[in-house]
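# Coordinate analysis (summary)
Here is how the chains run, residue by residue.
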Amino acid sequence: MRSAGVIRAGVAMAACGVLLTTVAACGADGGGSGKKTTTGANSSGGESRGAEARAADPGRIPGVGDRYQKQIPANARQVVAVYGDGKDAAGSTIALYTKSGDTWKKQRGWSGHNGKKGWTTSHHEDDKRSPVGVFTLSDAGGVLAAPGAKLPYTQSASFQAPHYWAKSHWHDFDYVIAIDYNRAKGTPPNDPTRPQGQSKGGSIWLHMDHGSGTSGCVSQSKGDMEYLLKTLDPKQHPVVVMGDKAELKA
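Residues numbered from 1 in each chain as written. Predicted model: local features only at pLDDT ≥ 70, side-chain atom pairs only at ≥ 80, totals over all residues. Heavy atoms only, no water.

## A word on the pairing of strand E13 (residues 239-244)
- The element E13 is largely enclosed, with a buried count of 6 among its 6 residues.
- Pairing between strand E2 (residues 78-84) and E13: 6 bridges, direction parallel. By the bridge assignment, Val82 is partnered in E13 with Met242. (Buried < 20%, exposed > 50% of the residue type's maximum accessible area, 1.4 Å probe, protein only. Helix = DSSP H or I, 4+ residues; strand = E, 2+ residues; numbered from the N terminus. Pairing = 2+ DSSP bridges.)

Here you go:
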């Protein structure tokens, strides 16, 4: 069994869903898409008051409704929340919450990007949308050496983005944190294994930003990636809760 902070040898090349020899989608099925409906003269006001009460509850992640709140593991003490601007939008607001006792506290917030076509609750390969859902965060890596990472970290040139991509993308994978959708936990982020099959996509990562939407990953600045790598601790069972704001409130 590997211990946190171990730098592993590089393995098969993959870059946010693009194997350097084979194109593969970034993504996975992140949760149900059914919507609640209510009837009655006071339903709207009741829902509004209920939402306000949930938002003020320190035992909940803000902006996350019952459907996804219930999917956060009971032992999780760190949550990266990615709030997409809209179902078809590529911009996101990202925050890190930590839990002390029964209370969640926001540690830091910043901006980033998600899939260039937005979000989906039923991701498939090459749809250019990020999967909605709650996913564990188990492994990290990148072209650069680990900046004090607590998650198991693989440094390897195999993460290098192809140089036939636009130059603005060349440093996307200097740092990456694997989002555990359709991947084998305990392996480097660029391991090509897809337990649910290739059609469900894979290699959905937190990685460095190039200023616009991604193939399905979530991107942020180098400084924010370094912060997460130094902060996320496997002993705290970190997860990411991600999706467009409207869907996350479900």
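So that's the structure; there's more coming.
## Considerations on the nonpolar core
- In this structure, Ile61, Val80, Ile177 and Met242 are the most contacted members of the largest nonpolar core, which totals 43 residues.
- The element contributing the most residues to this core is E2, with 5 residues.
- If near-sequence neighbours (up to four positions away) are discounted, Ile177 is found in contact with Leu137, Asp139, Ala140, Leu151, Trp205, Leu206, Met225, Leu228, Leu229 and Leu232.
- In terms of nonpolar packing, the next biggest core, distinct from the first, is built from 7 residues, Ala161, Val176, Ala178 and Cys217 among them. (Core = buried A, V, L, I, M, F, W, Y, C linked by side-chain atoms within 4.5 Å. Contact = heavy atoms within 4.5 Å.)

## A closer look at the pairing of strand E11 (residues 205-208)
- The sheet contact formed by strand E10 (residues 176-178) and E11 spans 3 bridges and is antiparallel. Along E11, the bridge assignment pairs Val176 with His207.

## Overview of the environment of Thr193
- Take Thr193: it is sitting in the loop between E10 and E11.
- Taking relative accessible area as the criterion, Thr193 reaches 38% and is therefore assigned partly exposed.
- Taking the C-alpha atoms as reference, Thr193 lies 5.9 Å from Arg183; in sequence the two are 10 residues apart.
- Contact partners of Thr193, with chain neighbours within four places excluded, come to Asn182, Arg183 and Ala184.

## Regarding the confidence of the model for the protein chain
- Within the protein chain, residue pLDDT values average 85, and 78% of them lie at 70 or more.
- Across residues 1-7, confidence stays below pLDDT 50; counting only partners more than four residues off in sequence or on other chains, it has 17 contacts.
- With pLDDT under 50 throughout, residues 9-43 is counted as low confidence; its partners more than four residues away or in other chains account for 102 contacts. (pLDDT = per-residue confidence, 0-100.)

## Considering unusual backbone geometry
- Positive phi, normally seen in glycine, also occurs at Lys128, with a value near 65 degrees.
- By secondary structure assignment, the location of Lys128 is in the loop between strand E5 (119-120) and strand E6 (130-131).
- Unusually for a residue other than glycine, Ser203 sits at a positive phi of about 55 degrees.
- If you trace the backbone, Ser203 turns up in the loop between E10 and E11.
- Among the residues examined, Ser203 registers a relative accessible area of 4% and is labelled buried.

## Details of the pattern of salt bridges
- Inspection of the entire model under this criterion finds 7 salt bridges.
- Salt-bridge contacts for Asp224 lead to Arg108; the nearest nitrogen and oxygen are separated by 2.9 Å. With Asp224 in helix H3 (residues 222-231) and Arg108 in strand E4 (residues 103-113), the pair connects residues that are 116 residues apart, well separated along the chain.
- Classification of Asp224 as buried rests on a relative accessible area of 9%.
- Here Arg183 ties to Asp139 by a salt bridge, and the two come within 3.0 Å at their closest N and O atoms. Here Arg183, found in the loop between E10 and E11, pairs with Asp139, found in the loop between strand E7 (133-136) and strand E8 (140-142); they are 44 residues apart in sequence, far enough to count as distant.
- In this structure Arg183 comes out as buried when scored by relative accessible area, which is 10%. (Salt bridge = Lys/Arg side-chain N within 4 Å of Asp/Glu carboxyl O.)

## Re the side chain of Thr98
- Turning to its location among the elements, Thr98 is positioned in strand E3 (residues 91-100).
- Polar contacts involving the side chain of Thr98 include one to the side chain of Gln107, which spans 2.8 Å.
- Setting aside residues up to four positions removed in sequence, Thr98 forms contacts with Arg77, Gln78, Thr103, Trp104, Lys105 and Gln107. (Polar contact = N/O pair within 3.5 Å; in protein donor to acceptor, adjacent residues only side chain to side chain.)

## Concerning the packing of aromatic side chains
- Under the definition given, this model contains 5 aromatic pairs.
- When the centroid spacing of 5.2 Å and the interplanar angle of 90 degrees are considered together, the rings of Phe173 and Trp205 count as edge-to-face. Taken together, the positions of Phe173 in the loop between strand E9 (153-155) and E10 and Trp205 in strand E11 put the pair 32 residues apart, joining distant regions of the chain. Each member of the pair, Phe173 together with Trp205, is buried.
- Among the aromatic residues, those joined into a cluster by ring pairs are Phe159, Trp165, Phe173 and Trp205.
- Taking NZ or CZ as reference, Arg108 lies 5.9 Å from the ring centre of Trp110, over its face.
- Lying over the aromatic face of Tyr227, Arg108 brings its terminal NZ or CZ to 4.2 Å of the ring centre. (Phe/Tyr/Trp six-rings, centres within 6.5 Å; stacked < 30°, edge-to-face > 60°. Lys NZ or Arg CZ within 6 Å of the ring centre and 35° of its normal.)

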